[in-house]
Amino acid sequence: MKLRHAADRRTVAVSFGLGLTLCAPFFYRPAPWALPLHFLLSALAAFIACIITHNHVHAPVFARRGANRLFGLFLSLLKGHTTWTIYVPHVVNHHQHHGGPQDWIRVEHAGTAAGPARIVRFVLRASLCMQVSRRKPGAPRLRRALQRSHRQERLAVFALALTALALDPARALFFLILPWLTGIFALVAVNLFQHEDCANDGGPRTARNFTGRAANWLLFNNGYHAAHHLDPRRHWSELPVLHRERVAPFAPDLCETSLAAYLLSRYAALHESPSRFKVSP
């Protein structure tokens with residue numbers, strides 16, 4: 001199967017590695033001390049699958065439509081929801097409004113909460129807003145050509161979950177369903193980290209960027225988020241160059257090196273620090 005970009009050899013290889021990570025606990029019994037580690041690895045695998053799906057929706061991995069559908073089905077099984085679940089709220093809504101008042105996952109959902117409560121509040125309210133808004137009359141709908149794939153992927157995910165629960169309910173819950181939910185939680189939460197205190201005009205100040213090499217290798221350059229908003233169809237492998245040329249010179253205060261350090265400084269405390277995160281107009 002021919003790839004559109006040679007860099008997606010890594011996409012495919014990592015995807016199969018994620019599948020092995022999620023399957024591993026079902027083929028042997030981890031020691032009790034290793035259970036938390038296995039859960040974290042499974043949750044991380046589900047989250048990375050979400051990032052790969054995001055990239056695949058914007059820039060399909062394979063040259064042929066049939067191969068892309070099969071890959072989308074595989075990714076759906078890795079992350080517990082369909083490839084096309086994110087299409088309308090992300091591609092159609094989010095990339096049109098860039099966190100503005102009409103964006104279903106706008107930062108305002110976090111309200112006045114602080115610290116970890118801010119993240120939880122944002123995820124819950126943004127998720128509810130997406131579910132309600134996409135069902136309103138006149139709301140954008142998934143294109144008819146994609147609806148069949150969406151139904152097939154949803155059926156496959158449902159069948160996998162039922163089969164796993166029937167074979168071993170405890171392992172299915174701990175190593176599959178809960179990691180799926182954790183991955184979805186992280187996928188929604190990252191929108192808060194990337195867009196809080198940012199503009200909503202689609203320009204270089206539309207998003208916060210995380211430029212650490214290790215995290216961007218693991219998450220396929222998702223840290224270069226403003227560059228992604230500037231050109232959503234640009235392949236993930238080309239985002240660092242776009243960031244250096246069109247984002248970094250215009251938004252140096254929105255470029256963080258470490259995601260972990262940012263989370264600790266911004267959300268670990270129970271109160272905000274306006275002077276640290278105030279963004280100039």
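Residues numbered from 1 in each chain as written. Predicted model: local features only at pLDDT ≥ 70, side-chain atom pairs only at ≥ 80, totals over all residues. Heavy atoms only, no water.

**As for the overall build of the chain**
Move 1: The secondary structure content of the chain amounts to 12 helices and 2 strands.
Move 2: For the chain, the N- to C-terminal ordering of α and β elements is α-α-α-α-α-α-α-β-α-α-α-β-α-α.
Move 3: For the chain, whose C-alpha radius of gyration is 19 Å, the value lies close to the compact-globule estimate of 19 Å for 281 residues.
Move 4: Across the 281 residues in the chain, those meeting the buried criterion constitute 48%.
Move 5: With the model as given, the accessible surface of the chain reaches about 14,500 Å², and the carbon-plus-sulfur share is 64%. (Helix = DSSP H or I, 4+ residues; strand = E, 2+ residues; numbered from the N terminus. Rg over C-alpha atoms; globule rule 2.2 N^0.38 Å. Buried < 20%, exposed > 50% of the residue type's maximum accessible area, 1.4 Å probe, protein only. Areas by Shrake-Rupley, 256 points an atom, 1.4 Å probe, with all protein chains shown as cover.)

**Side note on the pattern of salt bridges**
Move 1: All told, the structure shown has 7 salt bridges when counted by the stated rule.
Move 2: A salt bridge links Glu-196 to Arg-266, with the nearest nitrogen and oxygen atoms 3.3 Å apart. Of the two residues, Glu-196 sits in the loop between α7 (169-195) and β1 (209-210) while Arg-266 sits in helix α11 (residues 259-267), which places them 70 residues apart along the sequence.
Move 3: Between Arg-234 and Asp-231 there is a salt bridge, with the nearest N and O atoms lying 3.0 Å from each other. (Salt bridge = Lys/Arg side-chain N within 4 Å of Asp/Glu carboxyl O.)

**Quick word on the nonpolar core**
Move 1: One finds Leu-18, Ile-48, Ile-52, Ile-119, Phe-122, Leu-192 and Phe-193 to be the most contacted residues of the largest nonpolar core, which totals 46 residues.
Move 2: Looking at this core, the elements that each hand over two or more residues are α1 (8-23), α2 (35-58), α3 (65-79), α4 (87-97), α5 (116-133), α7 and α11.
Move 3: The element that contributes the greatest number of residues to this core is α2, accounting for 8 residues.
Move 4: In this structure, Leu-18 is in contact with Ala-45, Ile-48, Ala-49, Ile-52 and Leu-78, ignoring residues within four places of it in sequence.
Move 5: If you look at the next biggest cluster of nonpolar residues, it comprises 8 residues, including Ala-46, Val-157, Ala-161 and Ala-164. (Core = buried A, V, L, I, M, F, W, Y, C linked by side-chain atoms within 4.5 Å. Contact = heavy atoms within 4.5 Å.)

**So, the packing of α2 against α3**
Move 1: It is at 8 Å that the axes of α2 and α3 come closest, and there the two elements cross at 155°. Between α2 and α3, the crossing angle belongs to the class labelled roughly antiparallel. For α2 against α3, the interelement crossing comes out left-handed. On α3, the residues touching Ala-46, Ala-49, Cys-50, Ile-52, Thr-53 and His-56 of α2 are Asn-68, Phe-71, Gly-72, Leu-75, Leu-78 and Lys-79. (Axes fitted to C-alpha atoms, helices over the stretch in contact; angles between N-to-C directions. Parallel < 35°, antiparallel > 145°, perpendicular 65-115°, else oblique. Left-handed = near helix turned anticlockwise from the far one by under 90°.)

**Structural notes on α11**
Move 1: Within α11, burial applies to Tyr-262, Arg-266 and Tyr-267. Each buried residue of α11 lies within a common arc of 85° when the element is viewed along its axis, so the set occupies one face.
Move 2: For α11, the side-chain oxygen to backbone nitrogen distance between the N-cap and Ala-260 is 3.3 Å, and the N-cap itself is Ser-258. (Arc of directions from axis to C-beta. Polar contact = N/O pair within 3.5 Å; in protein donor to acceptor, adjacent residues only side chain to side chain.)

**Let's talk about a nonpolar patch on the surface**
Move 1: Taken together, Leu-173, Phe-174, Leu-178 and Leu-181 make up a surface patch of nonpolar side chains, about 320 Å² in accessible area.
Move 2: Note that Leu-178 resides in helix α7. (Patch = residues over 30% accessible without salt bridge, like charges linked within 9 Å, V, L, I, M, F, W, Y side chains within 5 Å.)

**Comments concerning the environment of Gly-17**
Move 1: Relative to the elements of secondary structure, Gly-17 occurs in helix α1.
Move 2: Each C-alpha atom of the pair Gly-17 and Ala-45 lies 8.6 Å from the other, and the pair is 28 residues apart in sequence.

**Details of the confidence of the model for the chain**
Move 1: With 95% of its residues at a pLDDT of 70 or more, the chain shows a mean pLDDT of 92.
Move 2: The model gives residues 273-281 a pLDDT under 50, and that stretch makes 12 contacts with residues more than four places away or in other chains. (pLDDT = per-residue confidence, 0-100.)

**Regarding unusual backbone geometry**
For residues that are not glycine, phi is negative in most cases, and the peptide bond is trans in most cases.
Move 1: Phi at His-98 takes a positive value of approximately 55°, unusual for a residue other than glycine.
Move 2: For His-98, the location among the structural elements is in the loop between α4 and α5.
Move 3: A positive phi angle is found at Phe-220, which is not glycine, with a value near 55°.
Move 4: One can find Phe-220 in the loop between α8 (213-218) and α9 (225-230).
Move 5: On the basis of relative accessible area, Phe-220 is assigned to the buried category, the value being 1%.

**Things to note about the environment of Ala-110**
Move 1: Looking at the secondary structure, you find Ala-110 in the loop between α4 and α5.
Move 2: Among the residues examined, Ala-110 registers a relative accessible area of 0% and is labelled buried.
Move 3: Separated by 105 residues in the primary sequence, Ala-110 and His-5 place their C-alpha atoms 37 Å from one another.
Move 4: Other than its neighbours up to four places away in sequence, Ala-110 contacts Arg-118, Arg-121, Phe-122 and Leu-192.

**Thoughts on the side chain of His-235**
Move 1: Position of His-235 relative to the elements: it lies in the loop between α9 and α10 (239-246).
Move 2: A distance of 3.3 Å separates a polar atom in the side chain of His-235 from a polar atom in the side chain of Trp-236.
Move 3: In this structure the side chain of His-235 is engaged in a polar contact, spanning 2.7 Å, whose partner is the side chain of Ser-237.
Move 4: Aside from chain neighbours lying at most four places away, what touches His-235 is His-5, Ala-7, Asp-8 and Ala-59.

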